[in-house]
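Structural overview for review
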Amino acid sequence: MSDETLLPDPRPTLWHHARGAATAANSATLDRAAGCLAVAVADMVLSARVGRHRAAADALAGVSGACTVSGLSERADITGAALANSYLMHARLTDDSFRVAAHPGLAVVPVALAAVERAAQRRVRVADGEQLLRAVVGGYECACTLAERLLPDVSQRGWRVTSVIAPLAAAATMALVLDLSADDACAALGLAAGATGGPLGVVATEGDGWSLQPALAVQAGVSAAVAASSGLRGGAGSFAGPHGLYALFGGVSGLDPRRPERPAAIHRVTLKRFPVAMYGQSIFDAARKQRPVRGTLRHISVRLAPFAAKYGNQGEASQDSIASVEAITRAALQTLHPGVTADWDAEGLMEVIGDSALPELSARLDIELSDSRAFSLTGDGDTSRWGPDEFRRHCATLLGDTGGHLYDAAVALSRGGSVDRLFDLWRAAR
């Protein structure tokens, strides 16, 4: 099949989504981008304080270059820095989320920061603070637009949505920071589409595959953008061909034009308060709302939206995996209700139920104790309504005064603040 007989090429529309959101971003959207940027940097810093994560980032960073890697004194080339920082952002499972399963920020923030430093070194284009934030808005728009189109089909087919969208979001972010032409940007998206995908199975088993997999996809997207800026091209078939992205991963075969009146997708991104999967935030929230309980657990049912209840093939998931609802619930009770004891391996102790009446980021826990006491707890993990106060408080919770200063520097970017100030604070935070 030739490119002329393919379905309509979605690359120009996807680039229009990203570029349009970046251009149209108002002060509220830029402030939200600043919040997401500050939280992402704080997550990288905290992960780099853990020896095993810092050692992995050091190994992943590769050859020296112009770009900062969190926690390291030596800088790295752009592809190595994006890879290492993306890994650090995701390593503790504390990064942001969209539609429960996607993690857009790891494909956007590390890339935007690395692209700014590389461009400054090469004197190609020195981005100011507002341009950096607009690139973050556009990168999120690309990632979230794709996630919205592909979910839930992509997960039901056994693919991890973050590793499908990450190469494309990384390429779009690079194109925005470097102000590539529409032709080069579409070429980058086409090349990045050839590197999409990653099995969902990594989240349902033990080991570190879940934490590294998205970062590898990000590195591929950065390389695609670099290749496109040097003249390489990718065809429409990588998206819309018989064996292209849509055919493999599901979703629709085309993208609707972006509606200017619709708020940027970054406003629907959710931030995590607890180091578990996004659907686990509501479980922790439910347990947190109940005053400490003591007793022996007889039975607990956990109700979640159907997609969350099935994510990662719950029935076959390892009990030590990040996807396990049972493991998340056990961690929530042991952390917040240490007085509750149970034979955690007992058959039938815990029941996970998909409930279509629940919103996708809500949970209900029905707990029965051996002395016949019963508790019904509800939790909400939706933090998409966070404003400046919540963002700053969260950054300060993560890093103390340093987190507050990082947030302030990020917000100042849209008001003439210095990009150098943000980078200086990031490098000094060890």
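Residues numbered from 1 in each chain as written. Predicted model: local features only at pLDDT ≥ 70, side-chain atom pairs only at ≥ 80, totals over all residues. Heavy atoms only, no water.

Comments concerning the overall build of the protein chain
Secondary structure summary: the protein chain contains 18 helices and 5 strands in total. A compact globule built from 430 residues would reach a C-alpha radius of gyration of about 22 Å, and the protein chain, at 21 Å, matches this within 12%. Overall size of the protein chain, expressed as C-alpha extent along the three principal axes, is 70 × 55 × 40 Å. For the protein chain, with 430 residues in total, the buried portion stands at 57%. (Helix = DSSP H or I, 4+ residues; strand = E, 2+ residues; numbered from the N terminus. Rg over C-alpha atoms; globule rule 2.2 N^0.38 Å. Buried < 20%, exposed > 50% of the residue type's maximum accessible area, 1.4 Å probe, protein only.)

Some points on helix H13 (residues 281-289)
Of all 9 residues making up H13, 7 are buried, and the element is well covered by its neighbours. When H13 is considered as a whole, its buried residues turn out to be Gln281, Ser282, Ile283, Phe284, Asp285, Ala286 and Ala287. Where H13 is buried, its residues contact strand E1 (295-304), helix H15 (325-336), strand E4 (362-369) and strand E5 (374-380). (Contact = heavy atoms within 4.5 Å.)

Notes on the packing of helix H2 (residues 27-48) against helix H17 (residues 401-412)
Here H2 crosses H17 at 145 degrees, and the two axes come no closer than 8 Å. Crossing of H2 over H17 shows right-handed handedness. Mapping the contact onto sequence places Asp31, Ala34, Gly35, Leu37, Ala38 and Val41 in H2 and Leu406, Tyr407, Ala410 and Val411 in H17. By residue class, the composition of the contact of H2 with H17 is 8 nonpolar, 1 polar and 1 charged. (Axes fitted to C-alpha atoms, helices over the stretch in contact; angles between N-to-C directions. Left-handed = near helix turned anticlockwise from the far one by under 90°. Nonpolar A, V, L, I, M, F, W, Y, C, P; charged D, E, K, R; others polar.)

A look at the packing of aromatic side chains
Throughout the structure, instances matching the rule amount to 7 aromatic pairs. By the ring-pair criterion, three or more aromatic residues cluster together here, those being Tyr279, Phe307 and Tyr311. (Phe/Tyr/Trp six-rings, centres within 6.5 Å; stacked < 30°, edge-to-face > 60°.)

Some points on the pairing of E5
The alternating pattern of E5 places Phe375, Leu377 and Gly379 on a buried face and Ala374, Ser376, Thr378 and Asp380 on a face that is not buried. Counted along the chain from E4 to the antiparallel partner E5, the turn is 4 residues long, and its residue Ser372 has a positive phi close to 80 degrees. (Pairing = 2+ DSSP bridges.)

Some details on the nonpolar core
By size, the foremost hydrophobic cluster in this structure holds 160 residues, and its most contacted members are Leu37 and Leu113. Sorting elements by how many residues they give to this core places H2 first, with 14 residues. Ignoring any residue separated from it by four or fewer positions in sequence, one finds Leu37 in contact with Val109, Leu113, Leu132, Leu133, Ala410, Leu413 and Leu422. (Core = buried A, V, L, I, M, F, W, Y, C linked by side-chain atoms within 4.5 Å.)

What to know about helix H9 (residues 182-193)
The periodicity of an α-helix, 3.6 residues per turn, causes residues three or four places apart in sequence to face the same way. A rise of 1.5 Å per residue sets the reference length of H9, with its 12 residues, at 16 Å; its end C-alpha atoms lie 16 Å apart and thus fit the reference within 8%. The buried fraction of H9 amounts to 9 of the 12 residues, a majority that puts the element mostly inside the structure. Those residues of H9 not exposed but buried are Asp184, Ala185, Cys186, Ala187, Ala188, Leu189, Gly190, Ala192 and Ala193. (Expected span 1.5 Å × (residues − 1).)

Here we look at the pairing of E4
Counting buried positions along E4 yields 6 of 8 residues, so the element is predominantly enclosed. When E4 meets E5, the two strands line up antiparallel, connected through 7 bridges. Bridge pairing links Glu368 to Ala374 in E5.

A short note on the side chain of Thr270
Looking at the element boundaries, Thr270 is found in the loop between helix H12 (245-249) and H13. Once residues lying within four places of it in the same chain are set aside, the contact partners of Thr270 are Asp96, Ser97, Met278, Leu361, Asp382, Thr383 and Ser384.

A closer look at the environment of Gly201
With respect to the helices, strands and loops of the structure, Gly201 is situated in the loop between H9 and helix H10 (209-229). Looking at Gly201, the relative accessible area reads 43%, which means it is partly exposed. Taking the C-alpha atoms as reference, Gly201 lies 7.3 Å from Gly158; in sequence the two are 43 residues apart.

Looking at the environment of Gln121
Relative to the helices and strands, Gln121 resides in helix H5 (residues 109-122). Separated by 101 residues in the primary sequence, Gln121 and Gly20 place their C-alpha atoms 28 Å from one another.

A look at the pattern of salt bridges
Evaluated as defined, the whole model comprises 23 salt bridges. Close ionic contact of Arg288 with Asp285 constitutes a salt bridge, the shortest N to O distance being 2.6 Å. Highlighted residues: Arg288 and Asp285, both in helix H13, separated by 3 residues, approximately one helical turn. With a relative accessible area of 43%, Arg288 lands in the partly exposed category. Put simply, Arg75, Glu117, Asp424 and Arg427 are held in one network by salt bridges that share partners. (Salt bridge = Lys/Arg side-chain N within 4 Å of Asp/Glu carboxyl O.)

Overview of the packing of helix H4 (residues 78-90) against H10
Packing of H4 against H10 brings their axes to within 8 Å, and their N-to-C directions diverge by 150 degrees. Taken together, the axis directions place H4 and H10 in an arrangement best described as roughly antiparallel. Read as a crossing pair, H4 and H10 show a hand that is right-handed. The segment H4 lies against H10, with Ile78, Thr79, Ala82, Leu83, Ser86, Tyr87 and His90 engaging Trp210, Ser211, Leu212, Pro214, Ala215, Leu216, Val218, Gln219, Val222 and Ser223. Of the residues that constitute the contact of H4 with H10, the class distribution is 11 nonpolar, 6 polar and no charged. (Parallel < 35°, antiparallel > 145°, perpendicular 65-115°, else oblique.)

Observations concerning the side chain of Thr329
Within the element layout of this structure, Thr329 appears in helix H15. Polar side-chain contacts of Thr329 include one of 2.8 Å to the backbone oxygen of Val325. When neighbours within four sequence positions are excluded, Thr329 is seen to be in contact with Ile283, Ile300, Val302 and Met350. (Polar contact = N/O pair within 3.5 Å; in protein donor to acceptor, adjacent residues only side chain to side chain.)

Let's talk about the state of the cysteines
Scanning the entire structure with this criterion turns up 0 disulfides. Cys142 takes part in no disulfide bond, and the closest cysteine sulfur to it belongs to Cys144, at a distance of 9.3 Å. Cys186 forms no disulfide, and the closest cysteine sulfur to it belongs to Cys142, at a distance of 11 Å. (Disulfide = S-S within 2.5 Å.)

On their own, these measurements won't tell you what the molecule is for.
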